[in-house]
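# Structure at a glance
The primary structure of each chain is shown beneath.
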Amino acid sequence: MLIAVLILTVLMICIGWYTSKDMFSPYVAAPGVWAIAILIYYFLPNTFYPIKGNFPFVLSIWLVGFFISSIIGDFFTTNASKISCLRKPNMTVLNIYTIIVCICVPIYCGIIVHQAFTEEPENLFRYMRVMNTGQSENIEMPKLGILTYTITLAYVMIFFVLLYFKSKTIKVVIIILNILIAMVTMAKIAVLSILFSSLYLCFVKKYIKLRHMAYGMIVFIGFSFLIQGLRHDLDDTETTNFLALYLSSSMVAFDYYALPCSSIFFGEYTFRIFYAIGHAIGLTRAPSDTILEFVSIPDTTNTYTCLYPFYTDFGIIGVLIGSIIYGLFYGYLYKKCRTGGKYELILYAIFLTYILLGFFAELIFTNMSITLQYMFFALLPFLLGSKNINTITDKIKNK
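In short, a report on the structure. Position numbers for residues start from 1 in each chain and track the written sequence from start to end. Only residues with pLDDT of at least 70 are given local features in this predicted model, and only at 80 or more are side-chain atom pairs given and counted; all residues enter the totals for whole chains, interfaces and linings. Based on all heavy atoms of the structure, the side-chain values leave hydrogens and waters out of the count.

Here the focus is the overall build of the chain. Starting at the N terminus, helices and strands are each numbered in turn, a helix being any DSSP run of H or I of at least four residues and a strand any DSSP run of E of at least two. For the chain, the helix and strand inventory stands at 16 helices and two strands. Using a 1.4 Å probe on the protein chains alone, a residue whose accessible area is under 20% of its type maximum counts as buried, one over 50% counts as exposed, and one in between counts as partly exposed. A burial count over the chain gives 52% of its 399 residues as buried. Within the chain, contacts between residues separated by at least 24 positions form 76% of all contacts whose residues are at least 6 apart in sequence. Summed over all atoms, the accessible surface of the chain reaches about 18,800 Å², with 68% contributed by carbon and sulfur. We call two residues in contact whenever any of their non-hydrogen atoms come within 4.5 Å of each other. Accessibility throughout is a Shrake-Rupley quantity obtained with a 1.4 Å probe, and a residue counts as covered only by protein chains that appear here.

Glancing now at the side chain of Arg272. With respect to the secondary-structure elements, Arg272 resides in helix α12 (residues 272-280). Notably, Arg272 is buried but unbridged: the nearest opposite-charge side chain belongs to Asp289, and the N-O separation is 5.6 Å. The residues touching Arg272, leaving out its near neighbours within four places in the chain, are Gly267, Pro287, Ser288, Asp289, Thr290 and Thr366. Charge assignment in this entry is limited to Lys and Arg as positive and Asp and Glu as negative, and neither His nor the chain termini are counted. Take a side-chain nitrogen of Lys or Arg and a carboxyl oxygen of Asp or Glu: if they are within 4 Å of each other, that pair is a salt bridge.

Looking now at α12. Of all the residues in α12, the buried ones are Arg272, Ile273, Tyr275 and Gly278. On its buried face, α12 is in contact with α15 (368-383).

The residue after Ile297, namely Pro298, is reached through a cis peptide bond having omega 0°. Tracing the backbone shows Pro298 in the loop between β1 (295-296) and β2 (300-301). In this model, Lys21 sits at a positive phi of 55°, which is unusual for a non-glycine residue. As for its placement among the helices and strands, Lys21 is situated in the loop between α1 (2-20) and α2 (26-43). Residues other than glycine seldom take positive phi values, yet Thr305 does so here, at roughly 75°. One can find Thr305 in the loop between β2 and α13 (308-338). A relative accessible area of 1% places Thr305 in the buried class.

Once that is clear, we can look at the pattern of salt bridges. This structure, assessed with the given rule, holds two salt bridges. Asp74 is the salt-bridge partner of Arg338, the closest N and O atoms lying 2.9 Å from each other. Taken together, the positions of Arg338 in helix α13 and Asp74 in helix α3 (residues 55-76) put the pair 264 residues apart, joining distant regions of the chain. We note a salt bridge from Arg285 to Glu268, for which the minimum N-O separation is 3.8 Å. You can see Arg285 sitting in the loop between α12 and β1 and its partner Glu268 sitting in the loop between α11 (238-257) and α12, a full 17 residues away along the chain. On the basis of relative accessible area, Arg285 is assigned to the partly exposed category, the value being 30%. Judged by relative accessible area, Glu268 falls into the buried class, the value being 6%.

The next thing to look at is the packing of aromatic side chains. Pairing of aromatic side chains here covers Phe, Tyr and the six-membered ring of Trp, requires ring centres within 6.5 Å, and sorts the geometry by plane angle: under 30 degrees stacked, over 60 edge-to-face, intermediate tilted. Tallied over the full model, the rule gives 37 aromatic pairs. Residues Phe75 and Phe76 carry aromatic rings whose centres are separated by 5.0 Å and whose planes lie at 85° to one another, so their mutual orientation is edge-to-face. A centroid spacing of 5.6 Å and a plane angle of 85° characterise the contact between Phe310 and Phe365, whose relative ring orientation is edge-to-face. Here Phe310, found in helix α13, pairs with Phe365, found in the loop between α14 (342-356) and α15; they are 55 residues apart in sequence, far enough to count as distant. Relative accessible area serves as the criterion here: at 18%, Phe365 is assigned to the buried category.

Remark: nonpolar core denotes a set of buried residues (Ala, Val, Leu, Ile, Met, Phe, Trp, Tyr, Cys) joined through side-chain atoms within 4.5 Å. Membership of the largest hydrophobic core comes to 119 residues, with the highest contact counts inside it found for Trp34, Phe55, Leu307, Tyr326 and Tyr330. Once residues lying within four places of it in the same chain are set aside, the contact partners of Tyr326 are Trp62, Phe66, Phe310, Ile355, Glu362, Leu363, Ile364 and Phe365.

Between α3 and α13, the shortest axis-to-axis distance is 7 Å and the interhelical angle comes to 30°. The orientation of α3 with respect to α13, classified from their angle, is roughly parallel. Along this stretch, α3 crosses α13, giving a crossing that reads as right-handed. In this classification, the charged set is Asp, Glu, Lys and Arg, the nonpolar set is Ala, Val, Leu, Ile, Met, Phe, Trp, Tyr, Cys and Pro, and all remaining amino acids, among them Gly, are polar. Taken together, the residues that form the contact of α3 with α13 break down as 18 nonpolar, eight polar and three charged. Angles shown run from 0 to 180 degrees and are taken between the N-to-C directions of axes, each axis being a line fitted to C-alpha atoms and, for helices, limited to the stretch in contact. An angle below 35 degrees is treated as roughly parallel, one above 145 as roughly antiparallel, one from 65 to 115 as roughly perpendicular, and anything else as oblique. Note on convention: the crossing is left-handed when the near helix lies turned anticlockwise from the far helix by less than a right angle, right-handed when the turn is clockwise.

What follows is the structure, given as structure tokens:
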């Protein structure tokens, strides 16, 4: 059955490529990453349980719903407006962003490293990993307060410095600070987010070509081996099997542990942000944890693909509706980005990572707070770029 899904993804890639001639269009990128994950499952050595449940069927529902709705969303969305194509962000805001990131990120990372070095200096990197994944009740993240928002700001700043800053020094500093965050959190997802989004943006702006993207992936694989070596104490299998573990294990976990309509409360994963807000004002229960339960497949993992929240909350219907919502949104955003929208370009670079990591986890709804932070930090410089609006309007009228 999974082989049939692989054939389906290849067919979608061909149709998507014929339609868009763009490897980063949502209807090429989404089936493309699933095809890679399935191929790795079959061809890289692993000790996973065989996929023989309903995962292939659920995945096919997701892929078909996303593929069709993303094409429809692209087709029926109007081109980006002339104002959207000509507007520029407020550089004063971006300079303030830069100062905040350069001051706060080292403090954020320093606090985490200090706690890890104080508590367990002989296993520093292991301690930081456990701290960030919540694997131990005895190890907790320090109270960082408002500093946590600077992490999302630092990520958004990557795109602004690549697009609007001339100083190579600032570009290098912002990228290094983001890599520092990834090292401190010991999370490959952070590295992938930086890599995928940055490569896409540089490719669109013609700063790099396909061969440079291949070099970037080689760098990522090498960096992954480095992080995996540092995390070796957590799981001896990860050092030699990290590609299979990170690209395919979530499919196996879903196949064996995801149960339809099994959430205790209505939409507790899909609508997590509403439970978080309600809990903060005393109206609802505490929201579900964003770090899911670790399970054995027999390797240890706690990720269940992007299908998990929709399937757990609402079953097959939830997966279908979720895929359609995803597809329409990505089709809309891609069309605006492709036709010159400046704000939409940054947003698509951010959200592209989410579909490229669909084999790993769902990152929009379950992390809606972070999603909204990305959108806010990306939008604010354009909103405050009002000095440019009159000029832009005059240019349009003169035309």
